[in-house]
Structures are given as C-alpha cells and as structure tokens.
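As a plain string of letters, each chain reads:
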Amino acid sequence: MATDAPPPSKTGSPLPSTEEFTAVQASAEFAELRRSHRSFAFPLTVGFIVWYLLYVLLSNYAGDFMGTKLFGNINVALALGLGQFLTTFLIAWWYSRHAATRLDPKAEAIKSRMEGGA
C-alpha cells in the first residue's frame, strides 16, 4: 500500500533505551495517561456489551415484545437494531473527541520527551 509519507529517517536520534522506556512507564504522567484512557474506554465498552447482549437476549426470549409495532411497519426490534448502529457511531465519535482533547496531548508530550525534543 503506497503512502505519501517518506520512509523513516535512519539518521535521526537514537531510540530510547529499555531503561528509559521503563522509567517513563513508571512515571506519574504515563499513569495519568493510562488512567484517562481506561476510565473512558472500559466503562463504555462494558456498557455497550451489556446493551448488545440485552438486544440479543430480547430477540431470543421476548419475541412478542420485540414484535410490538411502534408505527407503520416499524417494530421494537427494528428500532433497537438501528439503535445498535447509532450507538456504535456515537461511541466512536465520542472516543475520537476524548482522545483528541485528553489523550493525544499527553501522549505527544511523552513522545517528544522520549525522542529528545524536550
């Protein structure tokens, strides 16, 4: 797959050592970055899995409820199924915003310091 980006330079600064990676991993700044990611991603993941399993269980065991007409030919099953798609896109958009505002600046600061830019 061709890209517009040039290949990585071989003459750049040397890669950080294992000890430097270990030190950064043990730092409070990295712990805060990890906490910010986990406190957002884990609850959202659990919530979505519960929402998905609820839909599957209702589809299997509550056929009469899922077949309830809301209006026209639209029933509860179709509305909840479309809700699955909607929540998938909303979660992706929300995570993208969260990463851009809270995670990326912290990660960029750590990366630039590791690469010798700070």
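Conventions used here
- The numbering scheme is per chain: residues are counted from 1 as the chain's sequence reads.
- Given that this is a predicted model, residues contribute local features only at a pLDDT of at least 70 and side-chain atom pairs are listed and counted only at 80 or more, while totals for whole chains, interfaces and linings are drawn from all residues.
- Water and hydrogen atoms play no part in the side-chain values, which are based on all heavy atoms of the structure.
- Ring geometry is summarised as follows: Phe, Tyr and Trp rings, the Trp one being its six-membered ring, pair when their centres sit within 6.5 Å, and such pairs are stacked at plane angles under 30 degrees, edge-to-face over 60 and tilted between the two.
- To qualify as a helix, a DSSP run of H or I must reach at least 4 residues; to qualify as a strand, a run of E must reach at least 2; elements of each kind are numbered from the N terminus.
- Buried residues are those whose accessible area, probed at 1.4 Å on protein chains only, stays under 20% of the maximum for their type, while exposed residues exceed 50% and partly exposed ones sit between those limits.
- A score between 0 and 100, pLDDT records how confident the predictor is in each residue.
- Nonpolar core, defined: a set of buried Ala, Val, Leu, Ile, Met, Phe, Trp, Tyr and Cys residues in which side-chain atoms within 4.5 Å join the residues together.
- Contacts between residues were defined by any pair of non-hydrogen atoms, one from each residue, lying within 4.5 Å.

What exactly am I supposed to notice about the packing of aromatic side chains here?
Geometry of an aromatic ring pair is reported as the spacing of the ring centres plus the angle between the planes. Scanning the model with the defined rule gives 2 aromatic pairs in all. Seen from their ring centres, Phe-40 and Trp-94 are 5.1 Å apart, and the 80° between their planes marks the pair as edge-to-face. Placement of the pair is Phe-40 in helix α2 (residues 28-61) and Trp-94 in helix α4 (residues 76-114), with a sequence separation of 54 residues. What makes Trp-94 partly exposed here is its relative accessible area of 43%. Centroid distance Phe-40 to Tyr-95: 5.8 Å. Interplanar angle 45°. Geometry classified as tilted. Residue Phe-40 is found in helix α2, and its partner Tyr-95 is found in helix α4; the two are separated by 55 residues along the sequence. On the accessibility criterion, Phe-40 (11% relative accessible area) is buried. Through a chain of ring-to-ring contacts, three or more aromatic side chains come together here, namely Phe-40, Trp-94 and Tyr-95.

I tried to follow the confidence of the model for the protein chain on my own but got confused; where do I start?
Of the residues in the protein chain, 89% reach a pLDDT of 70 or more, and the chain-wide mean stands at 89. Confidence, expressed as mean pLDDT per element, reaches its minimum in the protein chain at helix α1 (residues 18-26) with 87 and its maximum at α2 with 95.

Would you mind showing me how to read the nonpolar core here?
Among soluble globular proteins, nonpolar side chains are generally buried collectively. One finds Val-24, Leu-33, Ala-99, Leu-103, Ile-110 and Met-114 forming the largest nonpolar core, which totals 6 residues. Ignoring any residue separated from it by four or fewer positions in sequence, one finds Leu-33 in contact with Leu-103, Lys-106, Ala-107 and Ile-110.

What is the right way to read the environment of Gly-63 from this model?
Within the secondary structure, Gly-63 is located in helix α3 (residues 63-66). On the accessibility criterion, Gly-63 (48% relative accessible area) is partly exposed. Sequence spacing of Gly-63 and Val-76 is 13 residues, and the spatial spacing of their C-alpha atoms is 9.9 Å.

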